Amino acid sequence: MVRSAILGTGSYLPKKRVSNKELEEIVDTSDEWIKTRTGIEARHIISDGETNSVLAQKAAEMAIEMAGISPEDLDLVIAATLTPDMPMPSVACLVQDAIGAKNAGAFDLYATCSGFLYGLTVADGLIRADISKKILVIGSETLSRRVNWKDRTTCVLFGDGAGAVVLGASSENNRGIMSACLHSDGSLGGLLTIRGLGTRHDLKKTLENEWQYIEMNGREVFKHATRALEAVSIEAIEAAGWADASMIDLFIPHQANIRIIEHMRERLGISRERVFINIDKYGNTSAASIPIALDEANRKGRLFPGARVLMSAFGGGFTWASVAMRW
Ligand code: UT7
């Protein structure tokens, strides 16, 4: 049976780091509030000249190098993002050109914070159907351009960054993606939204109303996220044929709030050492959060052949997803 396995990982964070203390000078907040309510201590933010596709390119090059392939071996580039450089061309096309993936198709995938897991699931299906052989899946965001730096309820939460993996076929029975579960509930989309900058409202109206920025009902999103993440994680564990969460060697949750992660960990019964956390350093990087964490875990030696890995994410839309894999 052909499964798809991760052959290489990469990640890249912009150089500029902004601490909670620095945010105290911009909005009415405190290091203490941000740390205790979210677990975030700092985030990385793009500077002039850095763009989403530049971060994505750097993460992609690292993943390709680790996979030991040439960019020309790729037959598809998928970039999960909600903050592309521009509506057209896509981030995936910009990366395809920048890395010289001459034989690859390319498209962006829009599923907010769950985007990377949606991308991985699509890529897994294409590989198992023998439509593609090697796919670059990227999660890349520059949300610093979409937060209102006067709104303390959102600007302290998000950061920029990119992560990428190369996915390819594996005939080893104990390696690769074992299950993938995708869900959505569009009826709750208004609880986490960027109302403007699409085609519904003209630009003048958008700027007058400041609809170019993220708006979030944090408390409601928190409630839905905790419930949905627990359920989808259990669903993916069962679909993978694992007895329960105690079989997981590493849990890589979306890094949105340390309290959500802790709640999930307790409900699923996973010990602290088996949960990967880096929200303190980067904040919520949306679609980039899981691939950045995956790359860090990989480079730190936290993943070993055959390790059972569970990844779960929740985001605007709402969308949520879980992927279970053997490393
Ligand atoms: O990645 C996509 C999914 N996103 C998420 O999963 C995010 C889910 N939500 C959350 O993580 C949390 O709801 C937040 C971190 C966004 C907010 O934490 P909370 O404990 O739910 O706070 P809250 O919204 O209930 O606000 C509590 C208080 C309020 O003041 P009052 O009304 O009690 O006087 C806020 O105005 O905290 C205040 N507050 C702040 N104070 C200092 C909100 N933001 C800040 C801030 N600094 N940055």
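Treat the numbers as computed from the prediction; the structure is a model and nothing was measured. (Residues numbered from 1 in each chain as written. Predicted model: local features only at pLDDT ≥ 70, side-chain atom pairs only at ≥ 80, totals over all residues. Heavy atoms only, no water.)

(A) Representation of the side chain of Thr29 within the structure. Within the secondary structure, Thr29 is located in the loop between α1 (20–24) and α2 (31–38). A residue is classified by how much of its surface remains accessible, and Thr29, at 16% relative accessible area, is buried. Sequence-distant contacts of Thr29, that is, excluding residues within four places in its chain, are made with Leu23, Glu24, Ile34 and Val156. (Helix = DSSP H or I, 4+ residues; strand = E, 2+ residues; numbered from the N terminus. Buried < 20%, exposed > 50% of the residue type's maximum accessible area, 1.4 Å probe, protein only. Contact = heavy atoms within 4.5 Å.)

(B) Examining the environment of Val54 more closely. In this structure, Val54 sits in helix α3 (residues 52–67). Overall, Val54 belongs to the partly exposed group, its relative accessible area being 24%. Put simply, Val54 and Ser140 are 86 residues apart on the chain and 9.5 Å apart in space, counted from C-alpha to C-alpha.

(C) Summary view of the site of the ligand. As a structural note, the neighbourhood of the ligand is formed by 23 residues, with Thr29, Arg37, Arg219, Asn257 and Asn284 the closest of them. Between an oxygen atom of the ligand and a main-chain N or O atom of Gly218, the distance comes to 3.0 Å. Contacts to the ligand include His254, whose side-chain N or O atom sits 2.9 Å from an oxygen atom. In isolation the ligand offers 960 Å² of accessible surface; the protein chains occlude 76% of this area. (Near = heavy atom within 4 Å. Polar contact = N/O pair within 3.5 Å; in protein donor to acceptor, adjacent residues only side chain to side chain. Areas by Shrake-Rupley, 256 points an atom, 1.4 Å probe, with all protein chains shown as cover.)

(D) Looking closely at the pairing of strand β13 (residues 319–326). With eight of eight residues buried, β13 lies mostly within the body of the structure. Neither face of β13 is open: one carries Thr319, Ala321, Val323 and Met325, the other Trp320, Ser322, Ala324 and Arg326, and all of them are buried. Direction of pairing for strand β8 (residues 176–184) relative to β13: antiparallel, over a ladder of eight bridges. Bridge assignment links His183 to a residue of β13, and that residue is Trp320. Counting the residues between successive antiparallel strands, the hairpin from strand β12 (residues 308–315) to β13 contains three residues, one of them, Gly317, with a positive phi of roughly 135 degrees. (Pairing = 2+ DSSP bridges.)

(E) Examining the sheet that holds β12 more closely. Reading across the sheet, the four strands line up as β8-β13-β12-β11 and stay open at both edges, with mixed pairing between neighbours. In this open sheet, the two strands that pair with only one neighbour each are β8 and β11 (250–253). The sheet shows a mean angle of 10 degrees between the axes of neighbouring strands, taken without regard to direction. For β12 and β13, the ladder comprises eight bridges, and the chain directions are antiparallel. Residue pairing in the sheet places Phe314 in a bridge with Trp320 of β13. (Axes fitted to C-alpha atoms, helices over the stretch in contact; angles between N-to-C directions.)

(F) Quick look at the packing of aromatic side chains. Taken as a whole, this structure holds two aromatic pairs when the rule is applied. Arranged with centres 4.9 Å apart and planes meeting at 55 degrees, the rings of Phe314 and Phe318 form a pair that is tilted. Assigned by exposure class, Phe314 and Phe318 land together as buried. An aromatic cluster is defined as three or more aromatic residues linked by ring pairs; in this entry it consists of Phe314, Phe318 and Trp320. (Phe/Tyr/Trp six-rings, centres within 6.5 Å; stacked < 30°, edge-to-face > 60°.)

(G) The nonpolar core, seen in detail. Residues Ile248, Phe251 and Phe314 are the most contacted members of the largest nonpolar core, which totals 42 residues. Mapped onto this core, the elements with two or more residues apiece are β8, α8 (218–239), α9 (258–268), β12 and β13. Among the elements that line this core, the one with the most residues is α8, at seven residues. Split by domain, the residues of this core number at least three in each of domain 1 (3–170) and domain 2 (176–326). (Core = buried A, V, L, I, M, F, W, Y, C linked by side-chain atoms within 4.5 Å. Domains from an automatic or database assignment.)

(H) Focus on the sheet that holds strand β1 (residues 3–12). Pairing in this open sheet of five strands is mixed, and the strands run β1-β7-β6-β4-β5 from one edge to the other. What marks the edges here is a single partner per strand, and that holds for β1 and β5 (105–109). Sheet twist, expressed as the average angle between the axes of neighbouring strands with direction ignored, equals 20 degrees. Where strand β4 (residues 76–80) meets strand β6 (residues 134–142), five bridges bridge the pair, whose relative direction is parallel. Bridging across to β6, Leu76 finds its partner in Ile135. Against the sheet, α3 touches β1, β6 and β7 (160–170), its axis set at about 130 degrees to β1. Of the strands in this sheet, β1, β4, β5, β6 and β7 are in contact with helix α5 (residues 115–128), which crosses β6 at around 170 degrees.

(I) Highlighting α8. With 22 residues, α8 extends 31 Å between its outermost C-alpha atoms, agreeing within 8% with the 32 Å of an ideal straight helix rising 1.5 Å per residue. Those residues of α8 that fall on the buried side of the exposure criterion are Val221, His224, Ala225, Thr226, Ala228, Leu229, Glu230, Val232, Ser233, Ala236 and Ile237. Residue Gly241 follows α8 closely and has a positive phi angle near 80 degrees. (Expected span 1.5 Å × (residues − 1).)

(J) Up close: the domain arrangement of the chain. Domain annotation of the chain identifies domain 1 (3–170) and domain 2 (176–326). Put simply, the middle of domain 1 and the middle of domain 2, counted by C-alpha atoms, are 14 Å apart. At the junction of the two partners, domain 1 supplies 51 residues and domain 2 supplies 47 residues. Counting each side, the surface lost to burial between domain 1 and domain 2 is near 4000 Å², with a carbon and sulfur contribution of 64%. Sorting the residues of domain 1 by area buried against domain 2 places Cys113, Leu117 and Arg146 first, and these three jointly supply 17% of that buried surface. For the pair domain 1 and domain 2, the interface holds one salt bridge. Taking the shortest distance from any N to any O, the salt bridge between Lys150 and Glu210 comes out at 3.6 Å. (Buried area = accessible area lost by both parts, 1.4 Å probe. Salt bridge = Lys/Arg side-chain N within 4 Å of Asp/Glu carboxyl O.)

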